[in-house]
Amino acid sequence: MLFCEDVELMLQDYLDGYLLPSQREVLEGHMRGCRSCRALLGSLTRLDGRLEGIGDVEVPEGLSRSILAALPAQAYGPSPLRRWLIAGLAPALAFVLVAAGFLFTGRFALHNLVADRVVDLFISAPQAASVAVVGDFNSWDPRRTRMIRSNHEGRWTARLKLPPGVHQYGFVIDGSTWVPDPGAKTTLADGFGGRNSVIIIDS
Amino acid sequence: MANGRAFAIMVIAIGAVFFTSSPVPAASRGGNRELEKIFKSSSFGEPEAAQIARAFKVAVDAGVEDRDALALVESGADGGFAADQVVRLLTVAAQLSLESLPTEMYVSKVQEGVSKRMEPGRIVQAAEFRALKLKQASNLFKQAVLDGISSRDREELLPDIAEALASGMDQGRIREIFLEAVKNGDSPGAIRRKLFP
């Protein structure tokens, strides 16, 4: 069962070709019966088309010189030396400020620069009406990552983008039954008498 | 005339000092608004909310991110915690932050417990166990740096070491993993895989 709010979250991935074939099938099934989602897809497709249609614009040679020449003399701004200083110092100052910001907040680490990885999770739950994936990546909130039933055998799937590191997660079936991922190689005690699955994303 | 000018300069100077040394940082003003929203939808009474707000400010002043401190209060409200339990959560987060330890893992354990509908006392206990393991991990990492591990990997590896300790891995084995990493030039990713075989 897929809700319109799930479709909204997935539409851009759908257009970008990031969805699994089974997820595409479910999404397309929903859209066949949902006029508002079809309309949303239509407007996104049109927007994509317009953006592609813009194309690259060549800036005519000497454009900036012509603009400056057309301006009154007093509007020219700083002298060439000051302009040179501003052009040279502004990026340097910006770099120093950004670097200082990172250092002072203590938030700078290499993994901040590494792109998230796409991970597909699956679970078989034929009797389930809903399945969510929860973990440290979504504040353990079952409302945030609902899985999609991808075939009649009761296979549920979710595609996540995770940063490098060790992530703990589990599945919530029908909003109340927590189960670890049967396909996970590693599980850890959760400190509450249960176990969490572990996924390691390399940097 | 000269006195008037001196007076004006003094007023401007005091104003500048007042604005630049405001006790509530800009980020916390946003945090306070969020905090009020949480209180409005919670069962905390006014004195309890004031008690939590004081602990919130202490935590943020100690360096806990607004986002993390708010997550703790929100989890406390959602999980039916008593005010003193929320204060305790914030105090431990402040302690971690003062020791330059990451708070994300601690906050995540609280959120996990609330999501799993655990009893608040048990959640506090499980989260504090993680906080303790973070401190042990920090001590182990200091030793690892002396052995040759790059200190730049601290933020990335500390939660993993703490989780390995929490899951029962022996400190001696972790030390061995670091020594092997120094010898083989292992990346943080390779170290992580050995921590969770």
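Fair warning: this is a prediction, and the values are worked out from it, not measured in the lab.

Draft legend 1. Structural view of the overall build of chain B. When its secondary structure is counted, chain B shows 10 helices and zero strands. Secondary structure elements of chain B occur, N-terminal to C-terminal, as α-α-α-α-α-α-α-α-α-α. Taking all 197 residues of chain B together, 41% fall into the buried category. Here the analysis covers contacts within chain B between residues at least 6 apart in sequence; of these, 69% occur between residues at least 24 apart.

Draft legend 2. Highlighting the overall build of chain A. The helix and strand tally for chain A stands at five helices and eight strands. Listing the helices and strands of chain A from first to last along the sequence gives α-α-α-α-α-β-β-β-β-β-β-β-β. The buried share of chain A, taken over its 203 residues, is 21%. In chain A, the proportion of contacts linking residues at least 24 apart, taken out of those at least 6 apart, comes to 62%.

Draft legend 3. Region of the structure containing the sheet that holds strand β4 (residues 155-162) of chain A. Residues and elements named next belong to chain A. Across the sheet, which stays open at both edges, the three strands sit in the order β1-β4-β3 with antiparallel pairing between neighbours. For this open sheet the edge positions go to β1 (117-124) and β3 (148-149), each flanked by a neighbour on one side alone. Where β3 and β4 come together, two bridges link them in antiparallel fashion. Note that in β4 the partner of R149 across the bridge is W156.

Draft legend 4. Region of the structure containing the interface of chain B and chain A. Taken together, the 22 residues of chain B in the interface contact 20 residues of chain A. Counting only elements with at least two residues in the side of chain B that touches chain A, the list comes to α6 (104-115), α7 (120-147), α8 (154-166) and α10 (188-195) of chain B. Broken down by element, the side of chain B that touches chain A gets its largest block of residues, six residues, from α6 of chain B. Residue composition of the side of chain B that touches chain A, grouped by class: six nonpolar, six polar and 10 charged.

Draft legend 5. How the structure looks around the environment of N139 of chain B. For N139 of chain B, the position within the fold is in helix α7. Placed 19 residues apart in sequence, N139 of chain B and L158 of chain B show a C-alpha to C-alpha distance of 9.9 Å.

Draft legend 6. Just the confidence of the model for chain B, in detail. Residues and elements named next belong to chain B. Per-residue pLDDT for chain B averages 86, and the proportion of residues at 70 or more is 84%. Every residue in residues 14-27 scores below 50 in pLDDT, and together they form two contacts with partners more than four places removed in sequence or on other chains. Per the prediction output, this complex has pTM 0.67; the corresponding ipTM is 0.78.

Draft legend 7. Expanded view of helix α2 (residues 21-32) of chain A. All names here are of chain A. Spanning 12 residues, α2 covers 16 Å between terminal C-alpha atoms, matching the ideal 16 Å at 1.5 Å per step. Residues Q23, V26, L27 and M31 constitute the buried set of α2. Down the axis of α2, the buried side of the element spans an arc of 135°, and every buried residue falls inside it. Projecting away from the buried face of α2 at angles above 90 degrees are the exposed residues P21, E28, G29 and R32.

About the criteria used
Residues numbered from 1 in each chain as written. Chains lettered and ligands numbered in written order. Predicted model: local features only at pLDDT ≥ 70, side-chain atom pairs only at ≥ 80, totals over all residues. Helix = DSSP H or I, 4+ residues; strand = E, 2+ residues; numbered from the N terminus. Buried ≥ 20, exposed ≤ 12 C-beta atoms within 10 Å, placed from the backbone. Contact = placed C-beta atoms within 7 Å. Pairing = 2+ DSSP bridges. Nonpolar A, V, L, I, M, F, W, Y, C, P; charged D, E, K, R; others polar. pLDDT = per-residue confidence, 0-100. Expected span 1.5 Å × (residues − 1). Arc of directions from axis to C-beta.

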